[in-house]
Amino acid sequence: MSAPAYSPHLDIRNVLWLLASMLFVVAPHLLRLPYWVGIFFVVVVGWRAWISWSAIRFPPRLVVATITIAATVGTFLQYGRITGREGGVTLLVVMAALKLLEMRTQREVALSIYLGFFLVLTNFLFSQTIPLGLYLLACVWIFTGTLIGFNRMGRAASVGERLKPAAALLAQALPLMAAFFLLFPRVPGPLWALPRDTLSGRTGLSDSMTPGRISELIKSDAVAFRVRFDGPRPPYATLYWRGPVLTILDGNTWRAARAPSVFDRYAAASRPVQYEVIEEPSERNQLFALDAPAAPPRESIITSDLEIRTRRPISEPRRYTMTSWLDYKYGADENPAVLREASAYDPARNPRTVALGREWAAQSRDPREIVARAVRLFNRQFTYTLEPPPLDPRDPYDDFLFNTRRGFCEHYAGSFALLMRAAGIPARVVTGYQGGEVNPFNGEIIVRQADAHAWTEIWLRGEGWVRVDPTAAVSPLRVEEGVNAALGPIGVLPTIIAADRLGLLASVRFGWQVINGRWEQWVVGYDTERQRDFFARLGYPSVDWRTLGFWLLVATFAIGGAVTLGLLVRERPRREEASLVAWNRFCAKLAAAGLARAPHEGPLDYLARVKAAKPELAANAEEITRRYIAARYGPGASREELRDLAGRVREFRAA
Amino acid sequence: MRPVLADLRQSVSDWIFRAAIPEAPPVTLGQRRIFILPTRQGYAFALMLLLLLLASINYNLSLGFLLTFLLGSMAGVGMLHTWRNLAHLRLKPGRCEPVFAGETAAFAVTIESPSLTRFAIGLRRRGEEAVHGDVRVEEPAALAIAVPTQRRGRIRCGRLEVFTRYPIGLFHAWSYLEFDLSVTVYPRPDPTAGSPPNTGSDASEEGIPIAGDEEFNMLRAYRAGDPPRQIAWKALAREQELLTKEFSAMASSELWIDWNDARGPDVEARLSILVQWVLKAEEYGQAYGLRVPGTVVAADRGEAHRARCLETLALFEVPR
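Conventions we followed
- Residues numbered from 1 in each chain as written.
- Chains lettered and ligands numbered in written order.
- Predicted model: local features only at pLDDT ≥ 70, side-chain atom pairs only at ≥ 80, totals over all residues.
- Helix = DSSP H or I, 4+ residues; strand = E, 2+ residues; numbered from the N terminus.
- Buried ≥ 20, exposed ≤ 12 C-beta atoms within 10 Å, placed from the backbone.
- Contact = placed C-beta atoms within 7 Å.
- Nonpolar A, V, L, I, M, F, W, Y, C, P; charged D, E, K, R; others polar.
- Core = buried A, V, L, I, M, F, W, Y, C linked by C-beta atoms within 7 Å.
- pLDDT = per-residue confidence, 0-100.
- Pairing = 2+ DSSP bridges.
- Axes fitted to C-alpha atoms, helices over the stretch in contact; angles between N-to-C directions.
- Expected span 1.5 Å × (residues − 1).
- Parallel < 35°, antiparallel > 145°, perpendicular 65-115°, else oblique.
- Left-handed = near helix turned anticlockwise from the far one by under 90°.

S.K.: Describe the overall build of chain B, naming the residues involved and giving the relevant values.
M.R.: Counting its regular elements, chain B contains six helices and 17 strands. With 320 residues in all, chain B has 39% of them scored as buried. Expressed as a percentage of contacts within chain B between residues at least 6 apart in sequence, the contacts between residues at least 24 apart total 67%.

Right, here's the structure in full:
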């Protein structure tokens, strides 16, 4: 058998494998990017397959260059630039497709496969969930199989001959990967400015509230943050997760104060609760805590209106431990400028609401009495609904209070705060989340965008800021059992999630949430902080890159050594070979005594010759030969039989 | 400057890779004699890993870190696999058949794998195209390097490199073999030379048919060893028994192929004529001898004799 020289012409099967791998890795992108990118990609891949299939010519360089320019211009027209997440990925997908059209040699194949690996990474810019992670792991597997196929040097490889060694390679790489993941010193990013559109598409509370904004948010079941309490969970009705505080009433829009000062101290505080929060990336400088936070987490401050603000936007899942006071007194000595802001309103807008507030103020000097009247009003005549009728844009609170009387937390909070201001009581709107979903498996609380809520705070002389939730007056269920209970059997979530709360589906869902939580916490959210935590548990309270580097080196050598040994053990001769080793040694002993085995001589012929030449060896030689034949040509020898054979050969004396 | 550098590089490489002492086959590739370095693709892969890492850091992509480390570790494991793909192979020189000048010679090496199938094992001479083959356990594979020949003589194979890049092509593992492999290149036969002239001193009275005479005298029963081209295929087709054509030339006893009978402008031309005559003489199945200055090959016939004559001509006046 002589091997033909390897031809640089690429084997059609290898090319098809590469094209299929490319389609797999780009597929998730095609759902996200403009439709023309998908069509373009599929057409170019088809073209490349056709080139190999029919052995037709490659397109001239001029044609490829023209398409390249056209595609770049197309990307630019689509996004107005060719950088940024969508633009960059579009361009990369297009270039990867065009690279295929030029792929003629082994080296260009390698380049295409590397591009493929890079495309795997670009998927993570959009999502880092478990299913996508598994899907892309499969893509890496297929790409590795493709790479192996090309390195067979022109010989066709079967599916098994690609995927099996690829699986072995990846499986053997896993321990080292894990070590690097845990130990590689994490630098807090970004190294360069992130494109702006990375921030797009993130839902969450904002610094302003117009009627309708939160009810949009509430349709999203995206997770805002997860909470785990150190002790028992506080009562559901106290779970007010404080977010942006909106003090400025600008027309009909509530806005956050421009530059709140730093929080001073609580006049009194009791009922501490300790817990850990993992917040999903929001690209905002806001952390959420139970009302009210005791002390800010690292790299953040508590503002004078009790918000937690971070220095950098939350662009990756952030974990922080918190202590909150469930009962507190705060703000009795509030800055008069703040109180002025919290009392301002435009008397020209919502005249009937303003008149009602003034009327109440005229009838009673006691703010508590005024609050009670407002609550009674809401309690009697109002309906809690996610789909309120549209309101008059000029005087929406008038329209809501006196006509429609159907609304959602933002309507209640907004109109209540306005009523209070008209009655001369400083008031502000607080947005955040209320409640959350309790996972019965681990007691974790998952707070979703659907749990977004708005309530109010009024300022009472001598007491400071006091929380009043007018929604609770309309729909106590909202506050006591969550938004789904408040909305009745229809629920806010259009999925099966809302319908089934305790059945099999629910336990599957909660189990999945536990796994997902671990994933978010230990994989997606593994960052500088987590790394520090991990080492603190191992007994390194302060870990720097030198320690990490040292352990990384140790781990690399240990794991590398183990994998090497594992490979070498498999390299050891197989059992049949052990019998051959023994037989060769037996022959060598006889050869030393002048009875060398001729190369063509079979074991039985040789035995006959040995018996004739040295009758005194006959018994031993016969035993060894018989066992050798049984071990080597029989159905397979056991370990003991092989050991026995080797022992007999060792004791055999030819001279 | 450049040749000096090249020489220096060569001698360093010879020193490192322990050059040029032919070794007794079979050679087993132990770990000490296997070298491994990244390929150009390997360096490109490293660059890609760096880009992946930078992107992961910049965009805070934990799964990006996982991907980077998975691929990096895979490259490391791949290096071990590449090394193992070559390790413990047993290599023996194969048979190198003589060829005529202008034909392609082949240096063959037999490779055995003691364990595991070895894929894409390559073999090459310095600076030449490689051949690749798979080696399965207990199925020795032969790889042959084709060498085009121009002139007669003996070609030594010199140092061979056995290498592999399987499975991922990021590393090149190799070892050098110093087998005493050589191929004899016979002079190119001169087709215009016709048949050997009848100048033999021991020629019979009847003489020998002159050049180009393809007529045969008689058919006789086939005897084992008769050259296939002398079998009477037409007779066989007529469902007669297997017969052998006997040419009239065969009747005579001995033919001497003599240097002095070959007329040519130079040594090579004369050798080409002599080669043609040897081939013809063997074809006729007649006993023949060879006389060239300094060497006489006694008259005989058969494959071995033919090879001896052709080798004598191939190595004529070639310094050993």
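S.K.: Tell me about the overall build of chain A, and name the residues and values.
M.R.: Tallying secondary structure elements over chain A gives 24 helices and 17 strands in all. Put simply, chain A has 655 residues, and 37% of those count as buried. Taking as baseline every contact in chain A between residues at least 6 positions apart, the subset at least 24 positions apart corresponds to 73%.

S.K.: Describe the interface of chain B and chain A, with residues and values.
M.R.: Each partner contributes residues to the interface: chain B has 52 residues there, and chain A has 54 residues. Of all the secondary-structure elements, those providing two or more residues to the side of chain B that touches chain A are helix 2 (40-59), helix 3 (62-86), strand 6 (118-125), strand 7 (131-135) and strand 8 (141-148) of chain B. Class assignment of the residues belonging to the side of chain B that touches chain A gives a composition of 33 nonpolar, 15 polar and four charged.

S.K.: Mind laying out the nonpolar core, listing which residues take part and the relevant values?
M.R.: Counting residues in hydrophobic clusters, the biggest one holds 101 residues, and the most contacted among them are A:Val93, A:Ala97, A:Val120 and B:Leu70. Among the elements that take part in this core, helix 3 of chain B stands out by supplying twelve residues, more than any other. A:Phe225, A:Val277, A:Met322 and A:Val447 belong to the second largest nonpolar core, which has 73 residues in total.

S.K.: Outline the confidence of the model for chain A, supporting the account with residue identities and numerical values.
M.R.: Residues and elements named next belong to chain A. Chain-level pLDDT for chain A is 82 on average; 88% of the residues reach the 70-or-more range. Averaged pLDDT values for the elements of chain A fall to 40 in helix 17 (residues 496-499) and rise to 94 in helix 6 (residues 130-150). Note on residues 1-8: pLDDT is under 50 here. Beyond four places in sequence and across chains, it has 18 contacts. A low-confidence stretch, residues 488-502 stays under pLDDT 50, and its non-local contacts, those more than four residues away or across chains, total 23 contacts.

S.K.: Break down the sheet that holds strand 2 (residues 35-38) of chain B for me, with residues and values.
M.R.: Residue and element names in this part refer to chain B. With antiparallel pairing, five strands are arranged side by side in an open sheet as 2-11-10-6-7. This sheet does not close on itself; its edge strands, each paired only once, are strand 2 and strand 7. The mean angle between the axes of side-by-side strands here comes to 30 degrees, regardless of whether they run parallel or antiparallel. Helix 3 rests against strand 2, strand 6, strand 10 (160-164) and strand 11 (171-177) of the sheet, and its axis sits at about 25 degrees to strand 11.

S.K.: Could you give me a rundown of helix 5 (residues 267-284) of chain B, with the residues and numbers involved?
M.R.: Residues and elements named next belong to chain B. Between its first and last C-alpha atoms helix 5 spans 26 Å; for 18 residues at 1.5 Å apiece the expected length is 26 Å, and the two agree. The buried fraction of helix 5 is high, at 13 of 18 residues. Where helix 5 terminates, the next one or two residues include Gly285, which has phi positive at roughly 75 degrees.

S.K.: Describe the packing of helix 1 (residues 12-30) of chain A against helix 2 (residues 35-53) of chain A, with residues and values.
M.R.: Residues and elements named next belong to chain A. Packing of helix 1 against helix 2 leaves a shortest axis separation of 10 Å and a crossing angle of 175 degrees. Judged on the interaxial angle alone, helix 2 and helix 1 are roughly antiparallel. Contacts from Ile12, Val15, Leu16, Leu19, Met22, Leu23, Val26 and Leu30 of helix 1 reach helix 2 at Val37, Gly38, Phe41, Val45, Arg48, Ala49, Ser52 and Trp53. Counted by class, the contact of helix 1 with helix 2 contains 13 nonpolar, two polar and one charged residues.

S.K.: Lay out the sheet that holds strand 10 (residues 318-329) of chain A with the relevant residues and their values.
M.R.: Residues and elements named next belong to chain A. Strand order in the open sheet formed by five strands is 10-5-2-15-14, with antiparallel pairing between adjacent strands. The strands lining the two open edges of the sheet, one partner per strand, are strand 10 and strand 14 (437-438). Of the strand pairs in this sheet, strand 14 and strand 15 (residues 445-448) are connected by two bridges, and their pairing is antiparallel. Following the sheet pairing, Glu437 is matched in strand 15 by Ile446.

S.K.: Describe in detail the environment of A:Leu136, supporting the description with residues and values.
M.R.: All names here are of chain A. Tracing the chain through its elements places Leu136 in helix 6. Linking Leu136 and Phe124, residues twelve residues apart in sequence, is a C-alpha distance of 9.3 Å. With near-sequence residues (within four places) excluded, Leu136 lies in contact with Val120 and Asn123.

S.K.: How would you summarise unusual backbone geometry if you had to cite specific residues and measurements?
M.R.: All names here are of chain A. Here the residue pair Asp291 and Ala292 is connected by a cis peptide bond, since its omega of 0 degrees sits within 30 degrees of zero. Structurally, Ala292 is set in the loop between strand 7 (289-290) and strand 8 (300-302). Unlike most non-glycine residues, Glu299 shows phi in positive territory, near 55 degrees. Mapped onto the elements of the fold, Glu299 is located in the loop between strand 7 and strand 8. One non-glycine residue, Arg405, lies in positive phi territory at about 60 degrees.

S.K.: Which residues make up the packing of helix 3 (residues 61-79) of chain A against helix 4 (residues 85-101) of chain A, and what are the values?
M.R.: Residue and element names in this part refer to chain A. Their axes nearest at 10 Å, the elements helix 3 and helix 4 cross at an angle of 165 degrees. As far as their axial angle goes, helix 4 and helix 3 are roughly antiparallel. When you trace helix 3 past helix 4, the crossing you get is right-handed. In this structure, helix 3 contributes Val64, Ile67, Thr68, Ala71, Thr72, Thr75, Gln78 and Tyr79 to the contact, and helix 4 contributes Glu86, Gly87, Thr90, Leu91, Val94, Leu98 and Leu101. Class assignment for the residues of the contact of helix 3 with helix 4 results in eight nonpolar, six polar and one charged.

S.K.: Can you explain the pairing of strand 17 (residues 295-300) of chain B? Please cite residues and give values.
M.R.: All names here are of chain B. Where strand 16 (residues 287-292) and strand 17 come together, four bridges link them in antiparallel fashion. The partner of Leu290 across the bridge, within strand 17, is Val297. In sequence, strand 16 turns back onto strand 17 through a hairpin of two residues, with Gly294 there showing a positive phi of about 95 degrees.

S.K.: Tell me about the environment of B:Gly158, and name the residues and values.
M.R.: Residue and element names in this part refer to chain B. Note on placement: Gly158 falls in the loop between strand 9 (153-156) and strand 10. You can call Gly158 partly exposed: it has 15 C-beta atoms within 10 Å. Separated by 23 residues in the primary sequence, Gly158 and Leu181 place their C-alpha atoms 7.2 Å from one another.

S.K.: Provide a residue-level description of the confidence of the model for chain B, including the pertinent values.
M.R.: All names here are of chain B. With 76% of its residues at a pLDDT of at least 70, chain B reaches an overall mean of 81. Low confidence marks residues 199-215, where pLDDT is under 50. Its contacts with residues over four positions away, or in another chain, come to 26 contacts. ipTM for the predicted complex: 0.76, alongside a pTM of 0.65.

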